[in-house]
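Here is what each chain is made of, one letter per residue.
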Amino acid sequence: MMSIDPTLLSALAIVVERSMNTALKYDPASRSKLQAIAPSTIAIDISDLRCQLVLRLQNNGNISVALYQPSIDSQVDVALSQADVALSGALTDFISQMLSSHQSLAHAGISVSGKVQVLSALKDVIAQLDIDWEEPLVESFGIVPGHALAQMLRATSVWGKSQSQQISQWLPETLQEELRLVPSAIELEHFSRGIDTLRAATQRIEARTQRLKNTLLSSRD
Amino acid sequence: MTDDNTTHFGYEQVKKEEKAERVAGVFHSVAAKYDLMNDLMSGGVHRLWKRFTIDLSAVRAGQCVLDIAGGTGDLAAKFSKIVGPEGRVVLADINASMLNVGRDKLTDKGILGNIYYTQADAQYLPFPDNTFDCITIAFGLRNVTDKDLALQSMHRVLKPGGRLLILEFAKPSNPLLEKAYDAYSFSLLPLMGKLVTNDAKSYRYLAESIRMHPDQNTLKAMVLEAGFASCDYYNMTGGVVALHKGIKA
């Protein structure tokens, strides 16, 4: 894979770092939880992109971010080996794990080494992240418009969540029962039993045919 | 360098003992608007180059860092936060005007306590042997009269296992980019210098001094010749800038 210009890596690192620290600025509770596990270093090896992301949790609650390309620098490898937690996996595995509601990394395609309690604490912080969006909106637009906009965003978010829950409830039923696009579990099971029966019958016929052939051949001899 | 007693000052050949004074004149002239011009000339990209330098330095809390030709203190400010109260950052520059601007800037930002300012020549660093965990020199090496002497001096004051990071303009890897870069350097930079600082000559020197600086592989060989156990370099922005990293055994 082509090496990425370090200028781009630095730009990306700055964007990620500023986004994280801005989000933490508006969630002081999460920030103080991060301070409890600081200083810590978390190294994430994104194997398919051949890229390593290093997060350093600082004592003041901020996070510093660095992006490297692996094995271009032995000092980087040394620093990574000294990380408190090291994770390795493909980008799609990391994204799936972030979107998944499962907390466990088992069968996620991600390998972990180091102080797992730091990782658990970090996962708790991410899961309980509660950014007060009203504050930046008020800073940008003023108290009254900012508050109104924040209320609108909250209402939209609540509506979106309820819609998402309803869709996950009625969609399987609609696809199976009304549109008949997808068979139900019982129908699938019945079908596969029929296949098994057919397979067994075919094997028996094959065996009998073979026996008859053998009899015919032996009688000619 | 051609004759025994002459060296280059941009495209001009000058006596070695005159180069430092000529360079000093350039930086006395540009010191006041140095940061503004850096942002204008590079479109702010110099911050990304310096960010990569800091990331690759692997400096940690409690360590001791020397920033040579640190001028207005961009790198020193970041290192000060990383090394913390237990660590130490020395900002060294041969030019008093640049050092004053740097000291005033950092002090005004409240960056003090673990940072020290020294007017020093990179060729004759006034520090004991094996003092620093990391030495950086950003866009300063090309202005040094005797680069080999400076590299040997840096090697001496580094601790065993210490890192030397040289961030400097280099030779672009793409011929098309090189042509565009030449046009930009020799036409636009002096014009910007004239408009912003009323000093086109200093920015012409900047463009010329970049062309006279050794290319990436030559500088790597010089670093190894100075006694470093290993040296790698990383091209940035198509090779317009390169970061050399040397490790002392």
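Above this note sits the structure.
Computed from a predicted model, the values in this text were never measured in an experiment.

Analysis parameters
Residues numbered from 1 in each chain as written. Chains lettered and ligands numbered in written order. Predicted model: local features only at pLDDT ≥ 70, side-chain atom pairs only at ≥ 80, totals over all residues. Heavy atoms only, no water. Helix = DSSP H or I, 4+ residues; strand = E, 2+ residues; numbered from the N terminus. Rg over C-alpha atoms; globule rule 2.2 N^0.38 Å. Buried < 20%, exposed > 50% of the residue type's maximum accessible area, 1.4 Å probe, protein only. Areas by Shrake-Rupley, 256 points an atom, 1.4 Å probe, with all protein chains shown as cover. Contact = heavy atoms within 4.5 Å. Axes fitted to C-alpha atoms, helices over the stretch in contact; angles between N-to-C directions. Parallel < 35°, antiparallel > 145°, perpendicular 65-115°, else oblique. Nonpolar A, V, L, I, M, F, W, Y, C, P; charged D, E, K, R; others polar. Core = buried A, V, L, I, M, F, W, Y, C linked by side-chain atoms within 4.5 Å. Pairing = 2+ DSSP bridges. Buried area = accessible area lost by both parts, 1.4 Å probe. Salt bridge = Lys/Arg side-chain N within 4 Å of Asp/Glu carboxyl O. Polar contact = N/O pair within 3.5 Å; in protein donor to acceptor, adjacent residues only side chain to side chain. Patch = residues over 30% accessible without salt bridge, like charges linked within 9 Å, V, L, I, M, F, W, Y side chains within 5 Å. Lys, Arg positive; Asp, Glu negative; His and termini not counted. Charge placed at Lys NZ, Arg CZ, Asp CG, Glu CD.

## Focus on the overall build of chain B
So, point 1. A count of helical and extended segments in chain B gives nine helices and nine strands.
So, point 2. Taking 249 residues into account, the globule formula puts the C-alpha radius of gyration at 18 Å, and chain B, at 17 Å, falls close to it.
So, point 3. Principal axes of the C-alpha set define a box for chain B whose edges measure 45 × 40 × 35 Å.
So, point 4. Considering chain B as a whole, with its 249 residues, one finds that 56% of them fall into the buried category.
So, point 5. With an accessible surface of roughly 10,700 Å², chain B has 54% of that area assigned to carbon and sulfur atoms.

## Section: the overall build of chain A
So, point 1. Of regular secondary structure, chain A possesses eight helices and five strands.
So, point 2. In chain A, the succession of helices and strands from N to C terminus is α-α-β-β-β-α-β-α-β-α-α-α-α.
So, point 3. Per-residue burial over chain A gives 29% buried out of 221 residues.
So, point 4. Here the analysis covers contacts within chain A between residues at least 6 apart in sequence; of these, 51% occur between residues at least 24 apart.
So, point 5. Carbon together with sulfur atoms contributes 61% to the accessible area of chain A, which is approximately 15,000 Å² in total.

## Here we look at the packing of helix H2 (residues 28–37) of chain A against helix H5 (residues 116–127) of chain A
Residue and element names in this part refer to chain A.
So, point 1. Between H2 and H5, the shortest axis-to-axis distance is 10 Å and the interhelical angle comes to 175°. With respect to H5, the axis of H2 lies roughly antiparallel. Contacts from Ser30, Lys33, Leu34 and Ile37 of H2 reach H5 at Val118, Ala121, Leu122 and Val125.
So, point 2. Considering only residue class, the contact of H2 with H5 consists of six nonpolar, one polar and one charged.

## Overview of the nonpolar core
All names here are of chain B.
So, point 1. Ranked by size, the top nonpolar core spans 49 residues in total, and within it Leu167, Phe169, Val241 and Leu243 carry the most contacts.
So, point 2. With five residues, the top contributor of residues to this core is helix H4 (residues 74–83).
So, point 3. Non-local contacts of Val241, meaning those with residues more than four positions away in its chain, are made with Trp49, Phe139, Leu167, Glu168, Phe169, Ala170, Tyr234, Asn235 and Met236.
So, point 4. Of all hydrophobic cores here, the second largest spans 27 residues; its members include Val90, Ala92, Leu158 and Leu164.

## Considerations on the pairing of strand S1 (residues 6–9) of chain B
Residue and element names in this part refer to chain B.
So, point 1. By the alternation rule, side chains of S1 split into Thr6 and His8 and Thr7 and Phe9, which are all buried.
So, point 2. Direction of pairing for S1 relative to strand S2 (residues 12–15): antiparallel, over a ladder of four bridges. Within S2, the residue paired with His8 across the bridge is Gln13.

## Describing the interface of chain B and chain A
It is common to report an interface's size as the accessible area lost on association of the parts.
So, point 1. With 19 residues of chain B at the contact, the number on the chain A side is 16 residues.
So, point 2. For the pair chain B and chain A, the summed buried surface comes to about 1,400 Å²; carbon and sulfur atoms form 56% of the total.
So, point 3. The residue Arg51 of chain B makes a salt bridge to Glu17 of chain A at a minimum N-O spacing of 2.8 Å.
So, point 4. Linking chain B with chain A are six residue pairs in polar contact (both at pLDDT 80 or more), by the criterion used here.
So, point 5. Broken down by secondary-structure element, the contributors of at least two residues to the side of chain B that touches chain A are helix H3 (46–57), strand S7 (158–169), strand S8 (230–236) and strand S9 (241–247) of chain B.
So, point 6. In terms of residues, the side of chain B that touches chain A owes the most to one element, H3 of chain B, which gives six residues.
So, point 7. Along the lines of polarity and charge, the residues of the side of chain B that touches chain A split into nine nonpolar, four polar and six charged.

## Regarding the sheet that holds strand S5 (residues 111–114) of chain A
All names here are of chain A.
So, point 1. In spatial order, the strands read S3-S2-S1-S4-S5; together these five strands make up an open sheet with mixed pairing. Because the sheet does not close on itself, it has two edges, and the strands there are strand S3 (63–68) and S5. Strand-to-strand twist in this sheet, taken as the mean axis angle between neighbours without regard to direction, amounts to 15°.
So, point 2. Relative to S5, strand S4 (residues 85–89) is paired through four bridges, and the arrangement is antiparallel. Directly across from Val85, in S5, lies its bridge partner Gly114.

## Regarding a negative patch on the surface
So, point 1. Side chains of Asp130, Asp132, Glu135 and Glu139 of chain A sit close together on the surface and give a patch of like negative charge.
So, point 2. We classify Asp130 of chain A as exposed; its relative accessible area is 56%.

## Considerations on the sheet that holds S8 of chain B
The strands making up a sheet associate through hydrogen bonds between their backbones, and the pairing can be parallel or antiparallel.
All names here are of chain B.
So, point 1. Pairing is mixed across the open sheet formed by seven strands, whose spatial order is S5-S4-S3-S6-S7-S9-S8. Sheet topology places strand S5 (115–119) and S8 at the edges, where each strand pairs with a single neighbour. Recorded for the sheet is a direction-independent mean angle of 15° between the axes of neighbouring strands.
So, point 2. The strands that H4 touches are strand S3 (64–68), strand S4 (88–93), S5 and strand S6 (132–138); relative to S4, the one it contacts most, it runs at about 165°.

## What to know about the pattern of salt bridges
Residues and elements named next belong to chain B.
So, point 1. Under the definition given, this model contains 14 salt bridges over all chains.
So, point 2. In this structure, Lys105 and Asp74 form a salt bridge, with 3.1 Å as the shortest nitrogen-oxygen distance. Here Lys105 is found in helix H5 (residues 96–108), whereas its partner Asp74 is found in helix H4, with 31 residues between them in sequence.
So, point 3. According to the relative accessible area criterion, Asp74 is partly exposed, its value standing at 21%.
So, point 4. With its nearest N and O atoms 3.0 Å apart, the salt bridge here joins Glu178 to Lys171.

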